[in-house]
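Each chain, written out:
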Amino acid sequence: MRWSPDHYLKYADHRLRPALDLLARIPLDQAEQVVDLGCGPGTMVEALLQAFPTAELTGIDNSEEMLARAQENFANQATWQNADVALWTPKTPPDLIFSNAALHWLDDHEALFSRLFGFVTSGGVLAVQMPNQFDQPSHVAMREVAGVGPWAEALKPFLRPAAVAKPEDYYAWLKPQAKSIDLWKTEYVHELKGDDPALDWISSTALNPLLEALGENHREDFRTALAQKLKKAYPKHQNGTTLFPFKRLFMVAVKA
Ligand SMILES: C[S@@+](CC[C@H](N)C(=O)[O-])C[C@H]1O[C@@H](n2cnc3c(N)ncnc32)[C@H](O)[C@@H]1O
């Protein structure tokens, strides 16, 4: 899928907060090798280097657009590498694997999380945050609109099952290699401005693959149908703002 760094960064302040909340819970004083998986436009490079000033930071992503933005803004602060996280293997074992809002794009979390945690040094950390919106109105509406209408057949292959599992599953998958595991869920209530902000928010992320698959013919009709549902689910307040609740799952696992 093609990412638009500009559109994604439109909500940068809202999207940064969970990444900082995740970073704040990492119980490491020092880390020499730090990897940011699904690093996007380099969102966390400065915060990670501030927390771990002596670290060698590597950002991994498989979007050329995102990596180009990271390279443009933070060329010297990190090594930026184009790789698919599902196939990636570190050259040097990382003390910290950090991943904000990225691993929900990958399937088979049991194998993925065990494998990633396996790369981490003893005493090192796997720290992950993922959106957990599958059963929330924004994503239910997206699937409902995708499932009816002239685009239904074409969109079927793009409707993924829930990628994010239950906290107890991650606990079970990580525990055999872990000294400790900190798991928590949060619901942020974002105050957004403008028309159809929920639609705009998901258009640069979860909805993007569907919009790409729709093509010019149906894209506008699809957006109109979804906008109607989202307006009901997330009504605009008299003052012009819209509250957009958004669920996220966090975990910080320390390797035995
Ligand atoms: C929502 S963005 C998050 C970016 C950044 N971590 C942040 O906090 O702003 C998700 C990122 O994951 C990357 N991504 C998704 N699937 C990937 C995969 N299989 N391998 C590498 N990167 C992937 C996307 O290209 C995108 O840059």
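This text goes with the structure placed above it.
Let me begin by describing the structure that accompanies this report. (Residues numbered from 1 in each chain as written. Predicted model: local features only at pLDDT ≥ 70, side-chain atom pairs only at ≥ 80, totals over all residues. Heavy atoms only, no water.)

1. Re the packing of aromatic side chains
Consideration 1: The full count for this structure, using the stated rule, is 12 aromatic pairs.
Consideration 2: Their ring planes at 90° and their centres at 6.0 Å tell us that Trp 3 and Tyr 8 sit as a pair that is edge-to-face. With respect to class, Trp 3 is no different from Tyr 8; both count as buried.
Consideration 3: When the ring of Trp 201 is compared with that of Phe 244, the centres are 5.5 Å apart and the planes differ by 75°; the resulting orientation is edge-to-face. Placement of Trp 201 in helix H9 (residues 197-203) and of Phe 244 in strand E7 (residues 242-255) is noted, with a sequence separation of 43 residues between them. (Phe/Tyr/Trp six-rings, centres within 6.5 Å; stacked < 30°, edge-to-face > 60°. Buried < 20%, exposed > 50% of the residue type's maximum accessible area, 1.4 Å probe, protein only. Helix = DSSP H or I, 4+ residues; strand = E, 2+ residues; numbered from the N terminus.)

2. With respect to the site of the ligand
Consideration 1: Surrounding the ligand, one finds 18 residues, the nearest of these being Tyr 8, Gly 38, Thr 43, Asp 61 and Asn 100.
Consideration 2: In this structure, a nitrogen atom belonging to the ligand sits 2.6 Å away from a main-chain N or O atom of Gly 38.
Consideration 3: Thr 43 has a polar side-chain atom sitting 2.6 Å from an oxygen atom of the ligand.
Consideration 4: Along the lines of polarity and charge, the residues of the shell around the ligand split into 10 nonpolar, six polar and two charged. (Near = heavy atom within 4 Å. Polar contact = N/O pair within 3.5 Å; in protein donor to acceptor, adjacent residues only side chain to side chain. Nonpolar A, V, L, I, M, F, W, Y, C, P; charged D, E, K, R; others polar.)

3. What about the pattern of salt bridges?
Opposite charge on two side chains allows them to pair when their charged atoms are near.
Consideration 1: Within this structure, the stated rule accounts for 11 salt bridges.
Consideration 2: Linking Asp 6 and Arg 69 is a salt bridge whose minimum nitrogen-to-oxygen distance equals 3.0 Å. Taken together, the positions of Asp 6 in helix H1 (residues 5-9) and Arg 69 in helix H4 (residues 64-74) put the pair 63 residues apart, joining distant regions of the chain.
Consideration 3: The class of Arg 69 is buried, set by a relative accessible area of 19%.
Consideration 4: One salt bridge connects Asp 107 with Arg 160, and the closest N-O pair in it is separated by 2.7 Å. Here the residue Asp 107 occupies a position in the loop between strand E4 (96-100) and helix H5 (109-119), and Arg 160 occupies one in the loop between helix H7 (152-155) and helix H8 (167-174), the gap between them amounting to 53 residues. (Salt bridge = Lys/Arg side-chain N within 4 Å of Asp/Glu carboxyl O.)

4. Description of the sheet that holds strand E2 (residues 56-61)
Consideration 1: With respect to topology, seven strands assemble into an open sheet ordered E3-E2-E1-E4-E5-E7-E6, the strand pairing being mixed. Each having just a single partner strand, strand E3 (79-82) and strand E6 (178-192) make up the two edges of the open sheet. Across this sheet, the average inter-strand angle for adjacent strands is 15°, counted without regard to direction.
Consideration 2: Note: E4 against strand E5 (residues 125-131), five bridges, orientation parallel. From the neighbouring strand, Ser 99 faces E5, where its bridge partner is Val 128.
Consideration 3: The strands touched by H5 are strand E1 (33-37), E4, E5, E6 and E7; relative to E5, the strand with the most contacts, the crossing angle is about 150°. (Pairing = 2+ DSSP bridges. Axes fitted to C-alpha atoms, helices over the stretch in contact; angles between N-to-C directions. Contact = heavy atoms within 4.5 Å.)

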